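# Observations on the three-dimensional arrangement
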Number of protein chains: 2
Amino acid sequence: MTDKSKQQYDIRFLPDDVTVKGSVGEAILKLALKAGVYVNTTCGGAGTCGSCRIIIKKGQVESAYSSVLSSQEIEQGVRLACQSHVISDATIKVIQNIYPGKKTAPRPDYKPAQPLDEISPLSQKIALKLPVPTLADNRPDLKRLKHGLKSHGYENILLDYEVLKDLPEVSRNKNWEVTATLAMTSPIPTLSRLESGNTAVKNYGCVFDIGTTAVRGRLVDLNDGNILASEMTYNKQRSFGEDIITRITRCRKTGGIEAIQQVTVDTLNELMENMQLSSNTEPEDINAIVIAANTVMVQFLLGINPDFLRMSPYVPAIDNISSIKAGELGINVGNHCRVHIIPIVASYVGGDIVAGVVASEMHKNEQASLYIDIGTNGEVVLGKRDWMVTAACSAGPTFEGGGIKHGMLAVDGAIDDFNLINPCEAPVIRVIGGKKPAGICGSGLINTVSALYTEGILAQNGKFNLEGSCPRIRPGDDGFEYVVVESESTLDGKDIVLTEIDVDNFIRSKAAIYAGCQTLAESVGISMQEIDSIIIAGTFGNHINIENAIRVGLLPDLGREKFHFIGNGSLAGAYKAILSVKTNKKMLEIADAITSIELSENQLFMDNYVASLFLPHTDLSKFPTVAMHTKK
Amino acid sequence: MTDKSKQQYDIRFLPDDVTVKGSVGEAILKLALKAGVYVNTTCGGAGTCGSCRIIIKKGQVESAYSSVLSSQEIEQGVRLACQSHVISDATIKVIQNIYPGKKTAPRPDYKPAQPLDEISPLSQKIALKLPVPTLADNRPDLKRLKHGLKSHGYENILLDYEVLKDLPEVSRNKNWEVTATLAMTSPIPTLSRLESGNTAVKNYGCVFDIGTTAVRGRLVDLNDGNILASEMTYNKQRSFGEDIITRITRCRKTGGIEAIQQVTVDTLNELMENMQLSSNTEPEDINAIVIAANTVMVQFLLGINPDFLRMSPYVPAIDNISSIKAGELGINVGNHCRVHIIPIVASYVGGDIVAGVVASEMHKNEQASLYIDIGTNGEVVLGKRDWMVTAACSAGPTFEGGGIKHGMLAVDGAIDDFNLINPCEAPVIRVIGGKKPAGICGSGLINTVSALYTEGILAQNGKFNLEGSCPRIRPGDDGFEYVVVESESTLDGKDIVLTEIDVDNFIRSKAAIYAGCQTLAESVGISMQEIDSIIIAGTFGNHINIENAIRVGLLPDLGREKFHFIGNGSLAGAYKAILSVKTNKKMLEIADAITSIELSENQLFMDNYVASLFLPHTDLSKFPTVAMHTKK
């Protein structure tokens, strides 16, 4: 090595704003890890997964060619961290994703989404060549435009004053060639924008799934349905509290609701900006936005007092609002862009679930399906073509690591799988990112409890079996605990344990979801066996082990062929809605057709819940395949 | 008299801001005349006409009781100038009207307006008692509201995000009693406002006739159609030029259109404020505004480039825009108030004419009617139930005093009638306000030319007959002239004369209107005789002498029983529109049904025009009753 190769350069990572010294030739990915900056990688630096995208904002790096980057991306300074090396000072923006590896496609076993029918997006651009006025035909500009739109089948449209203000100039700028943008507002479209010339090719939209923790978006070409960019980020509302109830309470302070609305919009704007950057689109060409979100998120976004959502009788403000100008909400796109919000069902069953139901197409099935979105809220929908019932189970944050001593989100360092070869020996664990373990995520927790129960280390009541001679059980600060990983192998040098309190919390969560499903079935008078398919939704749901989830009593013990994964059903539904006026309309029909059952003061649910507070259940006959395999 | 009675006080008149000294007991009306401040009076100070309303802004006056003032007005400091006397310093606002005496009702011989059908105003308030939510009925607030509206027959409505933002609070503030305001926008209503409690009684609207010179307004109780206030003022656009073309040209300067839009809105705001004051209504209770105006005024109000209106092929921007939020235009009322603009027909035939046609109900007649709005533009409409044609005749400003040496508007000091007892002697004239004459207004001009022509002093070609021995004809700076009033009797001590150039200009104006009527009739192939009724519109039209107008060839020589006066047809139509969704819809149908004929490059019109450049016409057979009485 020459002296030059030993020279140290300043590599600054954004958005964390961490600067580290790097030698010439040092891999950016390695440097980021050294700096504690989180960068996605699922292929281990082979340059094939494309997860570790970065943008060179200043300075230079040396990058090997990678076929996963488009020429457009390369032009914009996008590189792969694993294929880039230090050659000078540089400022690098890491394109962040929350759940590494979660960008993979849904498991291929369930394909509910038919190929897109004819595309009829929520914003339609119509290029027109209008007749040039003469003395014999000196109709007003607007009549000329209306006639042109009528010839394309649009007769009844709402007119927007702001759009018509410049009508004379816009009409004449390119010799009476204009492009009209129609926002497909309900019940009749709105002329939302008028441009000179033919701009029909520039017609983009964004769909967002606003979750309590994470917000995901896609930028879509509305003319052909191509997804040009996908992004996710943390919901900035988290600065108001991790859980929804805390956030609602914060709204009672003066200016609270305005503040939480602002951060919600900020979150969308950040995603939008990133997606525009990576797709090379302009803000003013975003013509439609579809939002799928739970009811509280919708009210936060709209700045509507959420207080009545959390108090009995749990009344939402708005079920459906046809469309809002993006500018009214402060979203950084042209004011002509309309925001369509997927209709909600009830206080705790929102448009995210409606979108998922429509995406799953369970509303078309002849047989009953059960749609389960496992998360804090734990929404379940049971139904078929003729009827649907839904409930929110209040599962709690267990599956996102909440209420668990060493619980964590499914990010790098989380134990997401757990197997016991020999009950007395150390378990075989899998850690996301291949790093030293830092804690246990939701899917890891299910797998851990399942294995410990199957091996008889945990009893049906969730207590450790002290009669066995498992050396990994010991008394701890919170009662007995099981040592999952010893200190010498963990990230922070402390033991990772699973306590009896953790198991209790886990059992309460899984019992809430199971009891919710059972109560819905009983409410409509069908048995679990009659359910034809179980659709597991959510990015988390996508990663759970069905066998283990049944074994702990989270999911019903039905034929494994009945279980399907749909991935992020909310985003999938929003995507379908933005590309189809008919599907968007269907959302309202579905929201209206679903009957919400309130569980919070429901005696049947309470009975089912208490009966479910065992592994897998007090009534083992409900879990025949589990009973068969469990060690007593 | 005591010393005190001789004491002088400062009386300040607004808005002219003129201060004069007045003695105790001196009449305010007299003092105003002394100060050169114009105050209406048609009863000559008898306290009966109510025209000389003033508002005491500061200080005090002593006023005799007058039954023409409401107790509400008296409470607000409104007094009659003729019944008030000086007792101290005072600041007095004069409630200005432009055309004294024009507040009188239309001549009673024409009653086209049927009694108002069922009132269905453009803003409807619906008081609702919504069911209080329970666990068994926890539908969203919006569903509850929609259900309430549906029970009143409103199912399909547009929702306004701004209105729904406070839905939870508004619903609960008065225990689920709310009042919804529906703006009757086309094609479906908009929920424009939501208030707690029952506020249905407060539902007001304003109608405006925006004329080139004057703007007139009415404030209407939308629940019962009562007119609570009427006001008029000069159009502030006059600071951009007296005539429309000058104003259009000014718009070409940077910021020109924005500036002219602003003064237009300022004019409306001033009228609105005065009407609110005199009717004791609040800005936020004005829920609808209807505007009747010519096409240029509409584009000025909307801030739309008017340049293409004045250039061939004379293309307007917008024929019809269903409704605009008042706030978008800067009108000082609540943003929920919607502005409805009466649709226009063409560049020079505006919504003012459409409103007049609908007010006259000529569109219902089995026989052909001729609607004539005599003014600068001189719009005429010919038609019946099955068809209507219209044209603008470009009469020029003659009838408003323009292009006439001593021409003036019909305000105090204007000669408005002229009769000759003996052709050689001084004429008998009438002066508005009974003052010394200052000039001749439009109706005075018609009467003067008619009398001079009838007596043979003016020849058919508009030249003075020098062979007669009329001592009042003399050579002047502009050729021969007729002395109407000698200097010793005039306001400024100079002779008031009528020159041959004045007569030429007058003949061109009257010829344009007559030729316009004739051309319309010929275009549709009917003779003038087939016309069943002639409807004279406009506050000016209301004051012309039909016999004289026929004698000079301005109006066709038809049976006098066919002539009717409708007064301000535009305002009458706007008033009907704001009180009836059906009538407002009818405006659009009528605007679409009227065929506009462009006269500016029309050979038939040019021929007719040239043939009309005589008194009354080159073809005397068209004016049989005139031919009979004219001295040769």
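Residues numbered from 1 in each chain as written. Chains lettered and ligands numbered in written order. Predicted model: local features only at pLDDT ≥ 70, side-chain atom pairs only at ≥ 80, totals over all residues.

## Some points on the overall build of chain A
- The secondary structure content of chain A amounts to 19 helices and 27 strands.
- Its C-alpha radius of gyration of 27 Å places chain A within 12% of the 26 Å reference for a compact globule of 632 residues.
- Within chain A, the fraction of its 632 residues that count as buried is 53%.
- Residue pairs at least 24 apart in sequence account for 67% of intrachain contacts in chain A once pairs closer than 6 positions are excluded. (Helix = DSSP H or I, 4+ residues; strand = E, 2+ residues; numbered from the N terminus. Rg over C-alpha atoms; globule rule 2.2 N^0.38 Å. Buried ≥ 20, exposed ≤ 12 C-beta atoms within 10 Å, placed from the backbone. Contact = placed C-beta atoms within 7 Å.)

## What to know about the relation of the copies chain A and chain B
- Superposing chain A onto chain B takes a rotation of 180° combined with a translation of 0.1 Å along the rotation axis, leaving an RMSD of 0.2 Å. Those values place the two copies in the arrangement expected of a two-fold rotation axis. Among all C-alpha atoms of chain A, that of Ile188 of chain A lies closest to the rotation axis, at 4.6 Å.
- Of the interface residues in chain A, 100% have counterparts in chain B that sit at the interface too, so the contact is made through matching surfaces. (Least-squares fit on C-alpha atoms with pLDDT ≥ 70 in both.)

## Quick notes on the environment of Asp307 of chain A
Residue and element names in this part refer to chain A.
- Tracing the backbone shows Asp307 in helix α10 (residues 307-310).
- Judged by the 15 C-beta atoms lying within 10 Å of it, Asp307 falls in the partly exposed class.
- Expressed as a C-alpha distance, the spacing of Asp307 and Arg252, which sit 55 residues apart in the sequence, is 7.7 Å.
- Once residues within four sequence positions are removed from consideration, Asp307 is found in contact with Ile248, Cys251 and Arg252.

## Brief notes about the interface of chain A and chain B
- Of the residues lining the interface, 37 residues belong to chain A; the matching set on chain B comes to 38 residues.
- Taken together, the elements giving at least two residues each to the side of chain A that touches chain B come down to α4 (141-150), α5 (161-164) and α6 (167-173) of chain A.
- Among the residues making up the side of chain A that touches chain B, the classes are represented as 22 nonpolar, seven polar and eight charged. (Nonpolar A, V, L, I, M, F, W, Y, C, P; charged D, E, K, R; others polar.)

## Observations regarding the packing of helix α14 (residues 500-524) of chain B against helix α18 (residues 603-611) of chain B
Residue and element names in this part refer to chain B.
- Two elements in contact, α14 and α18, have axes whose closest approach is 8 Å; the angle formed by their N-to-C orientations is 135°. The pairing of α14 with α18 is recorded here as oblique in orientation. Crossing handedness for the pair α14 and α18: right-handed. The segment α14 lies against α18, with Ala511, Ala512, Ala515, Gly516, Gln518, Thr519 and Glu522 engaging Leu604, Phe605, Asn608 and Tyr609.
- Considering only residue class, the contact of α14 with α18 consists of six nonpolar, four polar and one charged. (Axes fitted to C-alpha atoms, helices over the stretch in contact; angles between N-to-C directions. Parallel < 35°, antiparallel > 145°, perpendicular 65-115°, else oblique. Left-handed = near helix turned anticlockwise from the far one by under 90°.)

## Things to note about the sheet that holds strand β15 (residues 338-341) of chain B
All names here are of chain B.
- Across the sheet, six strands lie side by side as β12-β11-β10-β13-β15-β14; this open sheet has mixed pairing. The strands lining the two open edges of the sheet, one partner per strand, are β12 (227-234) and β14 (324-325).
- Relative to β15, β14 is paired through two bridges, and the arrangement is antiparallel. Paired with Ile324 across the strands is Val339, a residue of β15.
- Helix-sheet contacts for helix α8 (residues 256-279) involve β10 (204-210), β11 (214-221) and β12, and the interaxial angle to β12 is about 145°. (Pairing = 2+ DSSP bridges.)

## Let's talk about the pairing of strand β8 (residues 177-183) of chain A
Residues and elements named next belong to chain A.
- By the criterion of burial, β8 is predominantly enclosed, with six of the seven residues buried.
- Pairing between strand β6 (residues 123-129) and β8: seven bridges, direction antiparallel. Bridge pairing in β8 places Gln124 opposite Leu182.
- In the sheet, β8 pairs with strand β9 (residues 190-196) via six bridges, with the strands oriented antiparallel. Looking at β9, one finds that Ala183 is bridged to Thr190.
- Linking β8 to β9, which pair antiparallel, is a turn of six residues.

## Considering the environment of Ile248 of chain B
All names here are of chain B.
- By secondary structure assignment, the location of Ile248 is in helix α7 (residues 244-250).
- With 24 C-beta atoms counted inside 10 Å, the residue Ile248 sits in the buried group.
- The sequence separation of Ile248 and Arg310 amounts to 62 residues, and the corresponding C-alpha distance is 7.9 Å.
- Those residues in contact with Ile248 that sit more than four places away from it in its chain are Val296, Pro306, Asp307, Leu309 and Arg310.

## Focus: unusual backbone geometry
Residue and element names in this part refer to chain B.
- Cis peptide bonds are those with omega within 30 degrees of zero, and the linkage from Ser186 to Pro187 qualifies with 0°.
- Along the chain, Pro187 falls in the loop between β8 (177-183) and β9 (190-196).
- Following Ser312, the chain continues to Pro313 via a peptide bond in cis, the omega torsion being 5°.
- By the element assignment, Pro313 lies in the loop between α10 (307-310) and β14.
- Phi angles above zero are rare outside glycine, and Glu361 is one such case at about 60°.

## Things to note about the environment of Phe480 of chain B
Residue and element names in this part refer to chain B.
- When you line up the elements, Phe480 lands in strand β23 (residues 479-485).
- Separated by 14 residues in the primary sequence, Phe480 and Leu466 have C-alpha atoms spaced 9.2 Å apart.
- With residues near it in sequence (within four places) discarded, Phe480 still touches Phe464, Ile473, Pro475 and Glu500.

## Looking at the sheet that holds strand β20 (residues 428-431) of chain B
Residue and element names in this part refer to chain B.
- A sheet is described by the order of its strands in space; here three strands give the open sequence β20-β19-β21, paired in mixed fashion. Lying at the two open borders of the sheet, with one neighbouring strand each, are β20 and β21 (439-440).
- For strand β19 (residues 414-419) and β20, the ladder comprises four bridges, and the chain directions are antiparallel. Residue Ile415 lies in a different strand from β20, and its bridge partner there is Val431.
- Along the sheet, helix α13 (residues 442-454) makes contact with β19 and β21, crossing β19 at roughly 25°.

## A closer look at α14 of chain B
All names here are of chain B.
- The first and last C-alpha atoms of α14 sit 36 Å apart over 25 residues, in line with the 36 Å expected at 1.5 Å per residue.
- Of all the 25 residues making up α14, 18 are buried; the element is thus mostly covered by neighbouring parts of the structure.
- Gly525 sits one or two positions beyond α14 and adopts a positive phi of about 75°. (Expected span 1.5 Å × (residues − 1).)

## Points about the confidence of the model for chain A
- In the predicted model, chain A carries a mean pLDDT of 89, and the fraction of residues at 70 or more is 92%.
- Quick note on the complex model: pTM equals 0.79, ipTM equals 0.79. (pLDDT = per-residue confidence, 0-100.)

## Here's the deal with helix α12 (residues 351-360) of chain B
Residue and element names in this part refer to chain B.
- Of all ten residues in α12, ten are buried, a share of seventy percent or more.
- Of all the positions in α12, only Gly351, Asp352, Ile353, Val354, Ala355, Gly356, Val357, Val358, Ala359 and Ser360 are classed as buried.
- Positive phi appears at Glu361, one or two residues downstream of α12, with a value of about 60°.

## Notes on the pairing of strand β26 (residues 563-567) of chain A
Residue and element names in this part refer to chain A.
- With five of five residues buried, β26 is to be regarded as a mostly interior element.
- Neither face of β26 is exposed, since Phe563, Phe565 and Gly567 on one face and His564 and Ile566 on the opposite face are all buried.
- Looking at chain direction, strand β25 (residues 533-537) and β26 are connected through four bridges and run parallel. Residue pairing across strands places Ile535 opposite His564, the latter belonging to β26.
- Note on the crossover from β25 through helix α15 (residues 546-551) to β26: the handedness is right-handed. (Right-handed = clockwise from strand over helix to strand, strands pointing away.)

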